[in-house]
Amino acid sequence: MLQKTLADFTDKEIMPVRDKIDDDVTHEKIINPILKKLQVDLGCQRNAIPKDYGGNQLSIVACALKQEQVGRGDYGISMHSAVTEWCWVPVLLAHLAPFSPKAKAWAKAVLDEFAPKFTSNEFHAGCFNMSEPDSACDIENAQNEGRTIKVTAKLEGNEWVINGNKLWASNAGIADLNCVICNMDPKLGIDAFALVYVPEPWPGVSHGKPEVKCGMQSDRNNSTYFDNVRVPKEWGLQGPEAWALFKNALAAPMPLNAAHAVGILQGAFDVLLDYTGERVAGGKPIRQHLSSAMILGEMASVIT
Ligand SMILES: Cc1cc2nc3c(=O)[nH]c(=O)nc-3n(C[C@H](O)[C@H](O)[C@H](O)COP(=O)(O)OP(=O)(O)OC[C@H]3O[C@@H](n4cnc5c(N)ncnc54)[C@H](O)[C@@H]3O)c2cc1C
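Here the structure is a predicted model, which is why all the values come from computation and not from measurement.

From N to C terminus, the protein includes nine helices and 10 strands. In terms of overall dimensions, the protein is globule-like: its C-alpha atoms have a radius of gyration of 21 Å, near the 19 Å expected for 304 residues. The dimensions of the protein, computed from C-alpha atoms along their principal axes, are 80 × 40 × 40 Å. Counting only residues that meet the buried cut, the protein has 48% of its 304 residues in that class. Expressed as a percentage of contacts within the protein between residues at least 6 apart in sequence, the contacts between residues at least 24 apart total 71%. Summed over all atoms, the accessible surface of the protein reaches about 14,100 Å², with 57% contributed by carbon and sulfur. If you average the places of the 29 positive and of the 36 negative side-chain charges in the protein, the two averages end up 2 Å apart.

What follows is the structure in structure tokens.
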């Protein structure tokens with residue numbers, strides 16, 4: 001049912017305009033109207049919000065099915081949707097899984113404050129703001145235990161104070177909520193690791209120019225600058241539990257990305273199938289020649 005709904009959505013809303021998506025630099029003409037239909041009308045911006053907060057609380061498998069179908073139409077649209085889910089994964093896990101009362105209180109504070117926006121009929125986006133200019137895959141590498149993170153979060157009274165630069169995150173600059181990957185003191189590794197939620201617009205948060213890419217216009221990638229950004233203490237969690245949630249959150253996109261890749265392959269294969277059916281050479285459509293049919297068959301067997 002979910003797969004069929006999203007397949008129909010992709011065929012109806014994305015396929016007819018996908019050749020024009022890369023030209024929609026402001027996102028206003030084509031991209032945002034599609035995102036609003038997917039994220040608000042079909043409810044995908046609620047996918048990683050718990051049911052008791054009005055969310056869909058979808059499984060990873062269900063989210064992966066979405067990625068496959070939407071990715072078949074446009075990589076960036078599906079990436080946008082997945083990253084909003086990603087932003088919510090740490091609090092979703094803390095809320096549902098057996099974590100400490102401290103982690104549960106953090107999840108409750110974040111959900112109480114921000115979930116109502118995402119379950120409303122307004123369009124909202126989330127950002128998992130992790131990568132940095134000097135370290136991206138080295139932050140993802142758990143062996144480094146968060147020691148390469150340079151964005152710092154310090155506790156001052158009842159507030160977190162965040163400073164530093166993030167780079168490349170999807171939805172940065174358009175997101176209403178960031179899950180910011182920080183460290184209180186990188187030398188201390190996991191013990192000082194912190195996950196802090198920062199809404200936008202917010203004093204001290206700014207962005208650079210969106211990255212120019214080829215074929216991924218609807219996935220907005222941007223830098224984020226944190227300049228003495230102050231948020232309430234309740235919106236951040238530090239220490240080994242935050243680290244455990246981060247590691248789990250890093251695993252979550254893997255099946256989504258795999259399904260995403262299958263969708264992209266399927267989309268490319270569909271184009272190829274059309275072309276080889278229309279192009280006539282040697283007296284018949286080229287896909288009816290044995291050599292072409294063998295290649296197409298081999299490709300189809302890899303995708304499905
Ligand atoms: C389309 C797109 C969307 C993205 N979305 C997000 C997002 O939503 N949130 C976010 O935070 N980031 C995002 N990123 C950034 C992404 O997470 C990083 O690009 C990724 O982690 C790889 O980091 P890097 O590009 O800096 O590679 P680098 O860190 O430059 O590493 C490149 C290569 O160098 C080698 N290398 C690096 N360090 C070491 C080492 N210590 N030892 C040995 N070899 C090493 C490895 O071979 C590695 O593969 C996105 C990037 C893209 C392109």
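Let us now look at the side chain of glutamate 13. Its place among the elements puts glutamate 13 in helix H1 (residues 2–14). For glutamate 13, a relative accessible area of 17% translates into the label buried. Of the polar contacts made by the side chain of glutamate 13, one reaches the side chain of lysine 12; its length is 3.4 Å.

What the rule picks out here adds up to 12 salt bridges. Taking the shortest distance from any N to any O, the salt bridge between arginine 72 and aspartate 11 comes out at 3.0 Å. Residue arginine 72 is located in helix H3 (residues 60–73), and its partner aspartate 11 is located in helix H1; the two are separated by 61 residues in the primary sequence. Owing to a relative accessible area of 41%, aspartate 11 belongs among the partly exposed residues under this scheme. Here arginine 230 and glutamate 159 are joined by a salt bridge, their closest N and O atoms 2.9 Å apart.

Cut-offs applied
- Residues numbered from 1 in each chain as written.
- Predicted model: local features only at pLDDT ≥ 70, side-chain atom pairs only at ≥ 80, totals over all residues.
- Heavy atoms only, no water.
- Helix = DSSP H or I, 4+ residues; strand = E, 2+ residues; numbered from the N terminus.
- Rg over C-alpha atoms; globule rule 2.2 N^0.38 Å.
- Buried < 20%, exposed > 50% of the residue type's maximum accessible area, 1.4 Å probe, protein only.
- Contact = heavy atoms within 4.5 Å.
- Areas by Shrake-Rupley, 256 points an atom, 1.4 Å probe, with all protein chains shown as cover.
- Lys, Arg positive; Asp, Glu negative; His and termini not counted.
- Charge placed at Lys NZ, Arg CZ, Asp CG, Glu CD.
- Polar contact = N/O pair within 3.5 Å; in protein donor to acceptor, adjacent residues only side chain to side chain.
- Salt bridge = Lys/Arg side-chain N within 4 Å of Asp/Glu carboxyl O.

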